[in-house]
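# Observations on chain architecture
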Amino acid sequence: MSARRRGAPGDKKQRKSAARRPSLVSDSEVGLLAPPPEETGGSPLGPCDGGGEGEADVVAVTIPEEKEVDLKPCIRSRVVLSGLRDDMWTEEHAATLDLFLKDVSKQLLVVYIDEFAGLKVEQNMPHQEQKQLTYFIRHENAEITAENFQKTVQFGTVRRPYIDSLVRILNSVFLPRLFHNTNWPESIKNEFFSEIYHFMTSLTDTRSKMKGRTVLYIPIEALSMKPEVVVKDKALVQRLETSMIHWTRQIKEVLRAQEAVESRESTGPLEEIEFWTNRCTDLSEISKQLCRQGVTHIESILVLSKSSYVAPFQRLARQIQDGSEQAQSNLRFLSILKEPFQELSTLRPKDIPDKLPHLISLVRIIWVNSPYYNTRERITALFRKMSNKIILMCCQDISLDRIFEGYVVSSRQSLHDCISCMNAWKDCYLYAAQMHNRLSGKGWVLDQTSIFAQVDAFVQRCKDLLEVCDCQQHFARWEDGKQTPLPCFFGHRGPQMTRNLLEIEETFQKHLHTLRNMKGGILDVKNTFWHEDFNRFRSGVKDLEVMTQNLITSAFETVRDVEHGVEIQDIFHHLSAREAIKRTFDKKAVDVYMLFNRELSLVNKELSKKLPFLPPHMCHYSGLAHWLRALRRRIDRPLKCLSNAHFLPHIGTGEESFQAYQLLVQAMDEIERKTFQEWAQTLDKDSLKRLDTPLLIPSAEKSGMLDINFDKDLLKLFVEIHYWERLLFEIPHYVVEVYDRKEDLRNLRENLLLVARDYNRIIAMLSPEERALFKERIRYLDKKIQPGLKKLHWSLKGASTAFISECRLHASKVQTIVNEYKAATLTIARSAQQISEALLVRITGKRVYNDLEFEEDQKEHRAWVQQKLMGIHEEVINIMRQTYEVFKHDSAEVQQYWMAYTVKMNRMMEEAFRLNVKWSLLELSKAINGDGKTTPNPLFRVKVILQDNYPAPSAQVEFSPTLAQLANMVNDISSHLIASISVFRHLPEILTKRKFHRDPISVLVERDEDIKKIQALISGGMQANATHLQAYLKTWDVYREIWEVNKDSFINRYRHLNPLVSSFDADTAR
């Protein structure tokens, strides 16, 4: 930044305006005044500096007019900040300096070191107070050059606090020079000095109030002048009177401060002690200031001038002396409260009541012994301050955020502690007043209403907040910062109930949010907005109560039993604390008990039935007892729900229901006891005799099979005893012995059931003919089982084990043989099915045969199928031979049954071959005649040819192959099929090597009527097709002349006719 040597355009105008108005510093002194060393830090002079404090000779440097001078070093050299280094200056700082130097509208430049941002150069005052700050202030719209820098720019460095620096600069630098200037006109000087007095007085007051002190401003104008001289200057005396008037006003404010503090309602005892401490200090300092030379000098001047303001000032000065003595006395007595109340400030509300009696005793000591603080008003105010202190501590313990964020349990405890603390404070006070009146001659004449007015209001506010906590628990499910799970409503209306509940919670949250955002502090008992907002909140809660009552009523519409009713009551029982909802809750509790009474009536009705329903697995007597127990459980379950429902109210209907339950239970117990006695009378006292019966017995229902021969009465006895024991009844001893063998008998019975099952399964698998075939093996198995039918009894122990093992072993062997026999029979049946399905004719429906290809194709297919059938037939023969190995050595009777079985298998094979031929011919018939639903696909391709039958006179139109050839080829298929199966012989001939008196299989098949009918259908189809073809052949007769006329003679004759071209074309087209 540089500036030209010439002066600013506004210099002349500024000099004229300076002559018209008084100025703090004359133009010649601007820029030459430097701050004192403690403010500037002793900054070195820069290249543009003068020679020191005061006026300095300005050395003019001749610089070419067109050359600019960089003035940034002038500014940087005047910046005096602790910790400033050259490397802290940046290009950004330089740009800010250039802008200040060039732009005449920028009047202020400040430089300071920020704790976090480092060196800052700005054109506005910083928002936060800095430790040190260097300022540069230019004259309004003045251009800065090297020549006028001292006159145009005022600069300096101040420390925090700035106001102290300002006072020091004014008192040390500016005011002495102003007051010693004698060149000003009197009118301007008097007016200006009056403003100086007013400004310095206000500045001193501001500075002292910031420190909490009272400082009297002493003008320095007349300090060095004798009173006789000052009295002659009326204007100066008036200015001094102005200062004394301000002193008087300051002293009056100090004296009135006590009344202001006593009238404040929100202060506590510690603030009272602090006030008297500050008052002692303040009055002591004022007393010292009144004794200073400057004050006494001005007072003597005004006494000499007979000012009317001296007497009030002196009177107030004496009051200051008296007030200082009173303040020291009050502070001495009040100091005994400092430590107890400081300790009290650290306690929670629940711990405060223990300290209150001691504090009241200390206040009573002050009341009785203090010479100045023993008035009724001050002691009442002190107790009121104690109330304020206790309220303040309770407010600190109460967290409004936690209350409105759902910490219901902890917040409720905190509010209860605060209410208990307030009640304890009031009780302690009343007890102390009672004891004082009883034991002291001086009555306790304090204003109790004034002391506890805010306490009562705060207790009510805490109760209001408790109601808010209760509402959060009731309508928003808050416990301690967490919401309890949303209840699950049963039934098809459950989702709708849940939505209604959520709607209630959402509405409540809106009311709660409105209450939280009210104007003013919630815990401030003087806040009148609380009552309006809280009443509005209560009104909203009443609406929610109505909605909740409707929800409870709607939920009970789906209740059909006690359990669900108790469940609904459990969901809403936390709301029963609210009086409006409690009525609905009690009404629904009566409905629940009515449901229980209805259940008792239904059970009583069931009990009166003569033929109750018994489960099929139970016997009569024990089943009846268990039925009674089931009825008992039916009423015990709802009774248990009601008994565990501690939240249900105690009502007369409930007591009546419990009495009816007791009577019904007694009746059921009596019926159960009588039933047991009846059963005991029916018991056989010698039940062991029932075990003297054989183990097995032939089945009466299924001939040839076995059953176990266990006494059914014993089974009933075991079942009865089992279920009576489950009911914890004592079983008669004469049946206990046989019941003790229950498990052994059960094992034996189950093993015998296995034996019977094995035997019966073998018998069930065999037909009567097959039983004859297996006669030898069944007879052997019967011998093994015979002891169980006669010799072995249930009463024997151990002998049955070997019998069961041997029987099951032989039954297993026979079962294996029977399974192999059945598997062989099944395999033969499947082989017969394969034979019947392996058709000897192959017609795909897609191929059309030329000439005699059909015959060759069928011949190849028959040969292939014949080989396959021979393999299947051979496999059947092998299976029969393998099966025969089992019966080979049996009796002649068994051999006859084997022969019958072989014949049966042979008939199966005959039927398979018959079906094969039948189905093969059906395929051929279908290909020729169709299936009656669709037309058949083409099978043969027949060509129409002109056959020259020389020596016949003319050629003939014929088919190739001829219809006769096709008919013979198709009709011969049946004989070929019979020939294909003629190689198969009967099974008895092959297996027994005996002559079997039965025609061959092929002959039997050829005689079959169904096959003959199919052959007739095939022949008829071929004849029908031949008829259609002959009719088609006649369509060629119209062209007969083409091959019957002699072509050579016809051409010669036509040539001789020599027809026209048009005639030739017409004949050709014809």
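Above: the structure in question.
Residues numbered from 1 in each chain as written. Predicted model: local features only at pLDDT ≥ 70, side-chain atom pairs only at ≥ 80, totals over all residues. Heavy atoms only, no water.

What follows is about the overall build of the chain. Check the secondary structure of the chain and you find 39 helices and 10 strands. Compactness check: the chain gives a C-alpha radius of gyration of 67 Å against a globular reference of 31 Å for 1070 residues, more than 25% above the reference. In terms of its C-alpha atoms, the chain occupies a principal-axis envelope of roughly 185 × 135 × 55 Å. Classification of the 1070 residues of the chain by burial places 43% in the buried group. Put simply, 73% of the contacts in the chain that link residues at least 6 apart link residues at least 24 apart. (Helix = DSSP H or I, 4+ residues; strand = E, 2+ residues; numbered from the N terminus. Rg over C-alpha atoms; globule rule 2.2 N^0.38 Å. Buried < 20%, exposed > 50% of the residue type's maximum accessible area, 1.4 Å probe, protein only. Contact = heavy atoms within 4.5 Å.)

For the rest of this paragraph, the subject is the pairing of strand E3 (residues 132-138). Consecutive residues of a regular strand have side chains that alternate between opposite faces of the sheet. The buried count for E3 comes to 6 of 7 residues, which makes it a mostly enclosed element. The sheet contact formed by strand E1 (residues 108-114) and E3 spans 4 bridges and is antiparallel. Within E3, the position partnered with valine 110 by the bridge is tyrosine 135. By the bridge criterion, 7 bridges tie E3 to strand E4 (residues 153-159) in an arrangement that is antiparallel. The partner of leucine 133 across the bridge, within E4, is valine 158. (Pairing = 2+ DSSP bridges.)

This part covers the pattern of salt bridges. In total, this model carries 48 salt bridges according to the counting rule given. Here arginine 538 ties to aspartate 464 by a salt bridge, and the two come within 3.8 Å at their closest N and O atoms. Of this pair, arginine 538 sits in helix H20 (residues 529-556) while aspartate 464 is found in helix H18 (residues 448-475), placing the two residues 74 residues apart along the sequence. For aspartate 464, a relative accessible area of 6% gives the class buried. In this structure, a network of salt bridges that share partners links the residues Glu911, Arg914, Lys918, Asp1008 and Asp1010. (Salt bridge = Lys/Arg side-chain N within 4 Å of Asp/Glu carboxyl O.)

Next up on the list: the nonpolar core. Core analysis: the largest hydrophobic core is formed by 157 residues, its most contacted members being Phe383 and Phe458. At 12 residues, H18 tops the list of elements feeding residues into this core. One finds Leu781, Ile804, Phe913 and Ile981 within the second-largest nonpolar core, a separate group that totals 91 residues. (Core = buried A, V, L, I, M, F, W, Y, C linked by side-chain atoms within 4.5 Å.)

The 4 strands are arranged E2-E1-E3-E4 in an open sheet whose pairing can be described as antiparallel. Either end of the sheet is taken by a strand with one partner, and the two such strands are strand E2 (118-122) and E4. The sheet shows a mean angle of 15° between the axes of neighbouring strands, taken without regard to direction. Contacting E1, E2 and E3, helix H4 (residues 91-102) runs over the sheet at an angle of about 20° to E2. Where helix H6 (residues 162-179) meets the sheet, its contacts fall on E3 and E4, and the angle it forms with E4 comes to roughly 125°. (Axes fitted to C-alpha atoms, helices over the stretch in contact; angles between N-to-C directions.)

Here we take up the packing of helix H14 (residues 356-369) against helix H15 (residues 376-397). Interhelical geometry of H14 versus H15 gives an angle of 155° and a closest axis separation of 11 Å. Between H14 and H15, the angle is such that the two are roughly antiparallel. The handedness of the crossing between H14 and H15 is right-handed. Listed contacts from H15 to Leu356, Leu359, Ile360, Val363 and Trp367 of H14 are Ile379, Leu382, Phe383, Met386 and Ile390. Each residue belonging to the contact of H14 with H15 can be placed in one class, and the counts come to 10 nonpolar, no polar and no charged. (Parallel < 35°, antiparallel > 145°, perpendicular 65-115°, else oblique. Left-handed = near helix turned anticlockwise from the far one by under 90°. Nonpolar A, V, L, I, M, F, W, Y, C, P; charged D, E, K, R; others polar.)

Our next topic: the environment of aspartate 401. Among the structural elements, aspartate 401 can be located in helix H16 (residues 400-404). Taking the C-alpha atoms as reference points, aspartate 401 and lysine 674, separated by 273 residues in sequence, lie 69 Å from one another. Here arginine 516 takes part through its side chain, which lies 3.0 Å from a polar atom of the side chain of aspartate 401. (Polar contact = N/O pair within 3.5 Å; in protein donor to acceptor, adjacent residues only side chain to side chain.)

On to the packing of aromatic side chains. Following the criterion strictly, the structure yields 34 aromatic pairs and no others. Between phenylalanine 383 and tryptophan 444 the ring centres are 5.8 Å apart and the planes differ by 40°, which places this aromatic pair in the tilted class. In this pair, phenylalanine 383 sits in helix H15 while tryptophan 444 sits in the loop between helix H17 (408-439) and H18, placing the two residues 61 residues apart along the sequence. This pair shows no difference in class: phenylalanine 383 is buried, exactly as tryptophan 444 is. Here the aromatic residues Trp367, Phe383, Trp425, Tyr429, Trp444 and Phe452 are joined through ring pairs into a cluster of three or more. Taking the ring centre of tyrosine 734 as reference, the NZ or CZ of lysine 685 above it sits at 5.9 Å. (Phe/Tyr/Trp six-rings, centres within 6.5 Å; stacked < 30°, edge-to-face > 60°. Lys NZ or Arg CZ within 6 Å of the ring centre and 35° of its normal.)

As for its placement among the helices and strands, arginine 378 is situated in helix H15. Judged by its relative accessible area of 11%, arginine 378 falls in the buried class. Of note is the side chain of arginine 378, whose polar atom sits 3.0 Å from the backbone oxygen of tyrosine 372.

Turning our attention to the environment of leucine 270. Mapped onto the secondary structure, leucine 270 falls in helix H10 (residues 269-290). It is 9.8 Å that separates the C-alpha atoms of leucine 270 and serine 345, two residues lying 75 residues apart in sequence. With residues near it in sequence (within four places) discarded, leucine 270 still touches Lys338, Phe341, Gln342, Ser345 and Lys389.

A separate point is a positive patch on the surface. Together, Arg249, Lys252, Arg256, Arg315 and Arg318 make up a region of like positive charge exposed at the surface. Of all the elements in the fold, those that place two or more residues in the positive patch are helix H9 (234-263) and helix H12 (310-334). Looking at the element boundaries, arginine 249 is found in helix H9. (Patch = residues over 30% accessible without salt bridge, like charges linked within 9 Å, V, L, I, M, F, W, Y side chains within 5 Å. Areas by Shrake-Rupley, 256 points an atom, 1.4 Å probe, with all protein chains shown as cover. Lys, Arg positive; Asp, Glu negative; His and termini not counted. Charge placed at Lys NZ, Arg CZ, Asp CG, Glu CD.)

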